[in-house]
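Examination of the molecular architecture
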There are 2 protein chains.
Amino acid sequence: MCPNAPGSCPRGYPMRKVAVVAGGLSRWGVRKASWRELVQEAGKAVLDDAPDIGKKEIDSLFVGAASPDRLAFQCHVAPLVADMVGVYPTRMMARTEMACASGQAAIRHGWLAIASGMSEVALCLGVEKMNLPDMREAQSTMTAVLDREWDAVHGASAPPFFAMCAQHHMLHYGTTRHQLSLVSEKNHGYSATNPYAHFQKPVTAAKVEKSMMVAPPLRLFDCSGITDGAAAVILASEDVAGKLTDTPVWILGSGQCASGNNSGNWKSLDSWQSMREAARTAYESAGITERDIDIAEVHDCFTISEIIAYEELGFCKKGEGGRFIEEGQSRIGGKVAVNTRGGLLGCGHPLGATGIAQVIEVYEQMLSKVPPSRQVPDPMVGITHNLSGAANVHSMLVLGRDA
Amino acid sequence: MCPNAPGSCPRGYPMRKVAVVAGGLSRWGVRKASWRELVQEAGKAVLDDAPDIGKKEIDSLFVGAASPDRLAFQCHVAPLVADMVGVYPTRMMARTEMACASGQAAIRHGWLAIASGMSEVALCLGVEKMNLPDMREAQSTMTAVLDREWDAVHGASAPPFFAMCAQHHMLHYGTTRHQLSLVSEKNHGYSATNPYAHFQKPVTAAKVEKSMMVAPPLRLFDCSGITDGAAAVILASEDVAGKLTDTPVWILGSGQCASGNNSGNWKSLDSWQSMREAARTAYESAGITERDIDIAEVHDCFTISEIIAYEELGFCKKGEGGRFIEEGQSRIGGKVAVNTRGGLLGCGHPLGATGIAQVIEVYEQMLSKVPPSRQVPDPMVGITHNLSGAANVHSMLVLGRDA
């Protein structure tokens, strides 16, 4: 453990402790539900998970949503979510947008609102409605998540960009097609246990390797889905959390690092320095090292992303991510259990909801509320990780419970 | 003065003190500049205003932008702004969206990031590029700022909504057409002194009353413009601010209140209860009363908004806002100087930039950096106010300098 007190900022300033005290999800998938109905589903679920919190106690609201402007033709969505859920925040309210990391951004902002003393109880809700009658809207919006004028206009939308990362990783480190497939097999195996997941059938490595080519070497089952969904957590100050529960799950620390926006800023496609920096800050602020981590929810938008994540998060040496999955080290019972809810590959990726669903998984794992088949034995420390844009911005949270 | 310590949260928890230490604007108007070029103009201006702050010291970035998704076909804009300005935040980075209050949201989040101890120096930049080859894009985006499914589809976009507010105020309180015109005359008079403003010509009340009807009783010069622009401030912790300047301008407090999203939630169109609540929280958290306020930047998206603001902010009794402008009480030399930069009516309203430009005006007034013709004598306490949506969400900041 590093010498910083848990819950302190990276510079050691004492912040108020903040706990996750409730979580709730909508069902994820290709939904007939509208954007608003997804919000209502997750809003009801999180309030049902917190019967002792009155709606009036929720004094702040942060909405993680990447592009409701384009996908639901609606902006100013924070007060709209307040209406849909029936809360009327009196302290802080805003939408936080960080593309694929918008959900985690909502939690980081909720955390700061409480840590600063401004807020006592914050609702953080993430949502995205991506399946529309005209699917070109989702596709074109996804190009606007990258640097549209420098990257996307040249065809570097997400699948080809991550395909290039995979090609480099295979070339430099000998990562194999089969190792990529094993990530997909593992995560689809876990999502088969998750009734909220978009994809609830196991997928074998062989099936991954026979699936449609998207951008070489990435095939259909190497890619996360176009998914509708919402997720919400309630955060509370130490005072409030102490009244609600004997088993609070604390936010211990956080980290974020960017190395520019467009892919031209990258020195390397297979070595993600900003992810290492974000992890270092997160671990230091939480007073942990990578060896303390029992469970990790990482941003497997593509199979290669999870393999690189093993390395940059310090779970294995650089270049050994392929072997890490092959040895089963990222499965339950291995060195660290990764993406036990099924990840983005198995659950789908409704942009604003993903970062919040990841925190719910860690929270429920720590309270032993997940199905037994995917329960990690007695997890004490968990992390969640989101990347956004061309894998150049990384955001992380560290969560933990009392011994 | 109320008993709370300045800089404390509404509940009295001691937060770190945060100062505005620099401000910079792009020129506002119908600009040929792109969204990115507007960002660069304001970014350069704010860095030029802070020669002693190295780019590496800026550890956080908050981007206020209402809908770059629709207006610039780009989301994930925070790291893009980092690239354009040349900063690489290592603590907190996100876009904050609250429609017309997005700029102030960026400042409120920057404030919390520093107040909590997470950040030392934060760049808060607001921007909107609203004039596009096809102006229908700006018009349709503005309908998405309101509740599009409940209000906007019935034609209740901003001008007709505020026109209804004006009709009710005239009916209930006897507010006159001429009193509305005087707000426009005052603010265009001030914007004529502001080289960054969209509209730099004085407008007489007679001219307002002869201008094109938009939505009765509101005419063209009762309405703020469709404007391109950007604005940026740098916030710093007390430690950093103390090294940079002998005259820090502090953020003393803040308030925010929502009464639902769609206009059906309103009990009254001319009595804005959530604005009164936001003001009360802001004053209490800052340890001031309305009598302490020397300068106020209020959200005059329409002339009627400023008249109602006089009342809800406590500058005059309910229903006497019309008389307040007629008596010259909101001019420099009156009870409180309102919208000395020219307001939204005179400067235009690039949604994400407005809330930040307002803070720059208060900051520059306190440092006697504005043109002498609009300098308020020795202001000690200033407020900024933004409304968003159908005037049902109100956000406020209180700023002050040391005696």
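Note: the structure precedes this text.
Residues numbered from 1 in each chain as written. Chains lettered and ligands numbered in written order. Predicted model: local features only at pLDDT ≥ 70, side-chain atom pairs only at ≥ 80, totals over all residues. Heavy atoms only, no water.

Comments concerning the packing of helix H1 (residues 35-48) of chain A against helix H3 (residues 77-85) of chain A
Residues and elements named next belong to chain A.
- Relative to each other, H1 and H3 sit at 60°, their axes nearing to 9 Å. Classified by the angle their axes make, H1 and H3 are oblique. Considering how the two elements wind past one another, H1 and H3 form a crossing that is right-handed. Listed contacts from H3 to Trp-35, Arg-36, Val-39, Gln-40, Gly-43 and Leu-47 of H1 are Val-77, Leu-80, Val-81, Met-84 and Val-85. (Axes fitted to C-alpha atoms, helices over the stretch in contact; angles between N-to-C directions. Helix = DSSP H or I, 4+ residues; strand = E, 2+ residues; numbered from the N terminus. Parallel < 35°, antiparallel > 145°, perpendicular 65-115°, else oblique. Left-handed = near helix turned anticlockwise from the far one by under 90°. Contact = heavy atoms within 4.5 Å.)

Some remarks on the packing of aromatic side chains
- Evaluated as defined, the whole model comprises twelve aromatic pairs over all chains.
- Considering the side-chain rings of A:Phe315 and A:Phe324, the 6.5 Å spacing of their centres and the 20° angle between planes classify their relative orientation as stacked.
- The buried category is assigned to A:Phe324, whose relative accessible area is 4%.
- Ring-pair connections join several aromatic residues into one group, and the members of that group are A:Phe161, A:Phe162, A:Trp266, A:Trp272 and A:Phe302.
- Across the ring face of B:Phe73, the terminal group of A:Arg70 is positioned such that the distance to the ring centre comes to 4.3 Å.
- B:Lys17 extends its terminal NZ or CZ atom over the ring of B:Trp250, reaching a point 4.2 Å from the ring centre. (Phe/Tyr/Trp six-rings, centres within 6.5 Å; stacked < 30°, edge-to-face > 60°. Buried < 20%, exposed > 50% of the residue type's maximum accessible area, 1.4 Å probe, protein only. Lys NZ or Arg CZ within 6 Å of the ring centre and 35° of its normal.)

So, the interface of chain B and chain A
- Every contact between the two is made by 67 residues of chain B and, on the other side, 67 residues of chain A.
- For the pair chain B and chain A, the summed buried area comes to about 5,900 Å², and 54% of that belongs to carbon and sulfur atoms.
- Here chain B and chain A share eight salt bridges between them.
- Taken together, the links from chain B to chain A amount to 33 residue pairs in polar contact (both at pLDDT 80 or more).
- At the level of secondary structure, the elements contributing two or more residues to the side of chain B that touches chain A comprise helix H2 (68-71), helix H3 (77-85), strand E3 (92-97), helix H4 (102-115), helix H5 (136-145) and strand E8 (249-258) of chain B.
- A class-by-class count of the residues in the side of chain B that touches chain A yields 32 nonpolar, 20 polar and 15 charged.
- Where strand E3 (residues 92-97) of chain A lies against E3(B), three bridges are found, and the strand directions are antiparallel. When the bridges of E3(B) are listed, A:Arg95 appears paired with B:Glu97. (Buried area = accessible area lost by both parts, 1.4 Å probe. Salt bridge = Lys/Arg side-chain N within 4 Å of Asp/Glu carboxyl O. Polar contact = N/O pair within 3.5 Å; in protein donor to acceptor, adjacent residues only side chain to side chain. Nonpolar A, V, L, I, M, F, W, Y, C, P; charged D, E, K, R; others polar. Pairing = 2+ DSSP bridges.)

Quick look at unusual backbone geometry
Residues and elements named next belong to chain A.
- The omega torsion of the bond from Pro-216 to Pro-217 falls at 5°, within 30 degrees of zero and hence cis.
- Inspection of the secondary structure assignment puts Pro-217 in the loop between strand E5 (213-215) and strand E6 (218-219).
- In this model, Ser-368 sits at a positive phi of 55°, which is unusual for a non-glycine residue.
- Along the chain, the position of Ser-368 falls in the loop between helix H14 (351-366) and strand E11 (381-388).
- When its relative accessible area of 53% is taken as the criterion, Ser-368 is described as exposed.

Structural notes on empty space enclosed by the protein
- What the rule picks out here adds up to one cavity of 30 Å³ or more.
- Volume-wise, the largest cavity comes out at about 40 Å³.
- Considering only residue class, the lining of the largest cavity consists of three nonpolar, one polar and two charged. (1 Å grid on protein atoms, 1.4 Å probe; cavity = no way out; pocket = protein on both sides within 12 Å on 5 of 7 lines; lining within 4 Å. Points joined across faces, edges and corners; volume = space filled by probe spheres on them.)

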